[in-house]
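Tertiary structure, described
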Amino acid sequence: MMIYLMCLILFCVGVYCILVKKNLIKIIIGIGIVEYAVNLFFVLVGYRVQGRAPILAQDQVIQNMVDPLPQALVLTAIVIGLAVTALIVAIAMRLYEKYGTFDITKIRKLRG
Amino acid sequence: MNLAAFPITHHLLPFFVAIPLGSAFLVSLLGKKLKGFPDTFSNLATFSLFSLSLFSLLLTKRFGTVVYKVGGWIPPIGICMVLDSLTSFMLVTINLVAFLVTIYSIGYMERYTAKWKFYTLFLLMLAGMNGVIVTGDMFNLFVFLEIASISSYALVAFGVEHEELEASFKYMVMGIMASLFILLGIAFLYSLTSTLNMADISRTLARIGNNQTVFFVAALFLMGFGLKAALVPFHAWLPDAHPSAPAPISAMLSGVLIKALGVYALARIFFNVLGMTAISSSILMVLGIISMVLGGLLALGQEDIKRLFAYSSISQIGYVVFAIGMGTPLGILAGLFHLFNHAIFKSLLFLNSGSIEYATGTRDLRKMGGLTSKMPVTGYSSLVGSMSISGIPPLSGFWSKLLIILAAIEAKHFIFASIAVLVSILTLAYYLKVQKLAFFGELKDSLKGIKEVPLTMKLSMIALSIICIFGGLLLIPGVQRNFLNLATEVLINGNNYAQVIFGSIK
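Just so you know, these numbers come straight off a predicted model, no measurement behind them.

Criteria and thresholds
Residues numbered from 1 in each chain as written. Chains lettered and ligands numbered in written order. Predicted model: local features only at pLDDT ≥ 70, side-chain atom pairs only at ≥ 80, totals over all residues. Helix = DSSP H or I, 4+ residues; strand = E, 2+ residues; numbered from the N terminus. Rg over C-alpha atoms; globule rule 2.2 N^0.38 Å. Contact = placed C-beta atoms within 7 Å. Nonpolar A, V, L, I, M, F, W, Y, C, P; charged D, E, K, R; others polar. Expected span 1.5 Å × (residues − 1). Buried ≥ 20, exposed ≤ 12 C-beta atoms within 10 Å, placed from the backbone. Pairing = 2+ DSSP bridges. Axes fitted to C-alpha atoms, helices over the stretch in contact; angles between N-to-C directions. Parallel < 35°, antiparallel > 145°, perpendicular 65-115°, else oblique. Core = buried A, V, L, I, M, F, W, Y, C linked by C-beta atoms within 7 Å.

Okay, the overall build of chain B next. From N to C terminus, chain B includes 21 helices and two strands. Radius of gyration (C-alpha) of chain B: 22 Å, near the 23 Å computed for a compact globule of 506 residues. Taken over the C-alpha atoms alone, chain B extends approximately 70 × 60 × 45 Å along its principal axes. A sequence separation of at least 24 residues applies to 80% of the contacts in chain B between residues at least 6 apart.

Our focus in this paragraph is the overall build of chain A. Scanning chain A from terminus to terminus reveals three helices and zero strands. Counting from the amino terminus, chain A carries its helices and strands in the arrangement α-α-α. Against the 2.2 N^0.38 benchmark of 13 Å for 112 residues, chain A shows a C-alpha radius of gyration of 20 Å, more extended than a compact globule. By its C-alpha atoms, chain A is 70 × 25 × 20 Å across when sized along the principal axes. Here the analysis covers contacts within chain A between residues at least 6 apart in sequence; of these, 48% occur between residues at least 24 apart.

With that settled, the discussion passes to the interface of chain A and chain B. If you look at the interface, chain A gives 26 residues, while chain B gives 25 residues. Of all the elements in the fold, those that place two or more residues in the side of chain A that touches chain B are α2 (24–45) and α3 (69–99) of chain A. With 14 residues, the single largest contributor to the side of chain A that touches chain B is α3(A). Per-class residue counts for the side of chain A that touches chain B are 21 nonpolar, one polar and four charged.

Quick look at helix α16 (residues 376–389) of chain B now. All names here are of chain B. With 14 residues, α16 should reach 20 Å at 1.5 Å per residue; the first-to-last C-alpha distance of 20 Å fits that figure. The buried fraction of α16 is high, at 10 of 14 residues. If you follow the buried residues of α16, they end up packed against α13 (305–326), α14 (329–360), α15 (371–374), α17 (396–410), α18 (414–439) and α19 (455–470). Downstream of α16 by one or two residues, G391 has phi in the positive range, about 80°.

So, on to the pairing of strand β2 (residues 80–83) of chain B. Residues and elements named next belong to chain B. Alternating positions in β2 separate into two faces, C80 and V82 on one and M81 and L83 on the other, with burial throughout. With four bridges connecting them, strand β1 (residues 66–69) and β2 associate as antiparallel partners. When the bridges of β2 are listed, V67 appears paired with V82.

Another aspect to go through is unusual backbone geometry. All names here are of chain B. Note that the residue after P75, namely P76, is joined by a cis bond; omega there is 5°. Following P393, the chain continues into P394 via a peptide bond in cis, with omega recorded as 5°. Looking at the secondary structure, you find P394 in the loop between α16 and α17. Of note, V160 is a non-glycine position whose phi angle comes to about 35°, a positive value. Topologically, V160 is positioned in the loop between α6 (138–156) and α7 (162–193). In this structure V160 comes out as partly exposed when scored by C-beta crowding, with 13 C-beta atoms within 10 Å. The phi dihedral of A230 is positive, around 60°, even though this residue is not glycine.

Below, the discussion takes up helix α5 (residues 115–134) of chain B. With 20 residues, α5(B) should reach 28 Å at 1.5 Å per residue; the first-to-last C-alpha distance of 29 Å fits that figure. Across the 20 residues that make up α5(B), a large majority, 19, are buried.

Two packed helices can be described by the angle between their axes and the distance between those axes. Contact pair α2(A) / α7(B): the axes reach a minimum separation of 9 Å and the direction vectors enclose 10°. In terms of axis orientation, α2(A) runs roughly parallel to α7(B). The residues of α7(B) that touch α2(A), namely those facing A:I27, A:I31, A:V34, A:E35, A:V38, A:F41, A:F42 and A:V45, are B:V173, B:I176, B:L180, B:L183, B:L184, B:A187, B:Y190 and B:S191. Looking at side-chain class alone, the contact of α2(A) with α7(B) contains 14 nonpolar, one polar and one charged residues.

A few words now on the nonpolar core. Residues and elements named next belong to chain B. Formed by 221 residues in total, the largest nonpolar core has its most connected members in M129, V132, M252, A260 and V321. With 20 residues, helix α11 (residues 247–274) is the largest single contributor of residues to this core. Filtering out sequence-adjacent residues up to four positions away, V132 remains in contact with L141, F144, L145, A148, A260, L261 and A265.

Printed below as a string of structure tokens:
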């Protein structure tokens, strides 16, 4: 139970970071934290206490297997997260070139 | 059902993803060297996709639901792709708009340098959208959704000027949050049902009955897909992102992306997977009404033509979500019909705004005036689009709005129906403003030298306005039965979706 709570706390830290911080890079880091929290939760979904690796062999009865599917899914999610992070960092760099600052309150050409 | 006689039915579905994905690869590989290759090849790709989607319409009519097993794994173990009437309806809408937009891009994108990059991203986005539509697997849906979203983030920033980058950053932060909420929803759903196949999830949920987790998952999906669809509490990114993209992309984003990733996914998941309850129905309806009113009111005050259209998209998406949220057969039919019509006229209007920008170099309504005399095709086609979206008979928008209001009255939502009528008048008001400021009146001195846009751009605007004029014909009983009613039935069927899918595997 504790570990799920930690997951939730991590999620909240990330969301707080995205909502409150004014620096573009800190917002990106916040996104990263939220991403990790979600990925961690997804892996935990497949975790079993004292579970074994899900490899079937002859003459072997496995009582308690870890669910491998969430791990595969999280791998995919991490790769997607990498692509998104790379793109958003590239855009933040371009923004810095144009505006000369990472402060989001000063990057305001668009109305509301 | 004799599928063996038509082996193509089995193998048609992956092409909706494979063609745009493969063409994106080829265009990025060869486009830099061969001049003219990106244009011809992308148009060829979108044209073949459009023809295939029309063909899929025939297939679903003939064979009903077709399931393609990816890699030969039998669902629910492997990923499957599903072709039913709703899928082919959405495929036709998306690929029709995509085809006309690529024709338009031939002329329009000459202003930008790297045309091949544009086409690569465009085709990737198309692959993502088609993937979201055809997939029958929850996680696969997420992956395709991300493909479409990531390419759309990049396309919004395509101009790499101040506004574009800022809009793209804002869009990205909100889009990423939406995707993470969806992923979290999938995680909860998986922990509850131990499966990812949509049909299997639906079957399992029907067996375990009501559960607190399902409500939570529904809330997460509503947040995630609602953000992608730009429903009102989650709409803040749209009025920045859509105007900042190049005009063909604005047309794609407003015309089909918010519908494919937002409305379609919401409808599919709420109706077919989670099952529609009275609560979710009323939440969807209220969100739709709020979007309708707020989008309309905000549009009224805009001076930037593309920003006005963007707010109008929020308002019209409100109509679609409201109608589908009612959950009655007439409501869903009206919602899907309005979805199709909105895809057509909103992409037409964004293409018009692109033509104005192409000719005059401005998007500010106050700097325009009397453009019809110089640009007759743009002027008259935008008149058709504006009148259609404001619901002037006999154009297509009139029929879909009439149906939505009739459906609301039929379902005894009289207050909502009257709000829908009032917002329709509001829509007319801001489109009259566009017409008056941009196309009628005196030609400004600064605009004396402008010329009409190139032929390719004219062609696609004319094609779209012809569809707008004759859109009402889709309600002729024979056509309606095959195109709209079948798609409606898929959603009405609700949890029977699972039986249909597993029935068609055998």
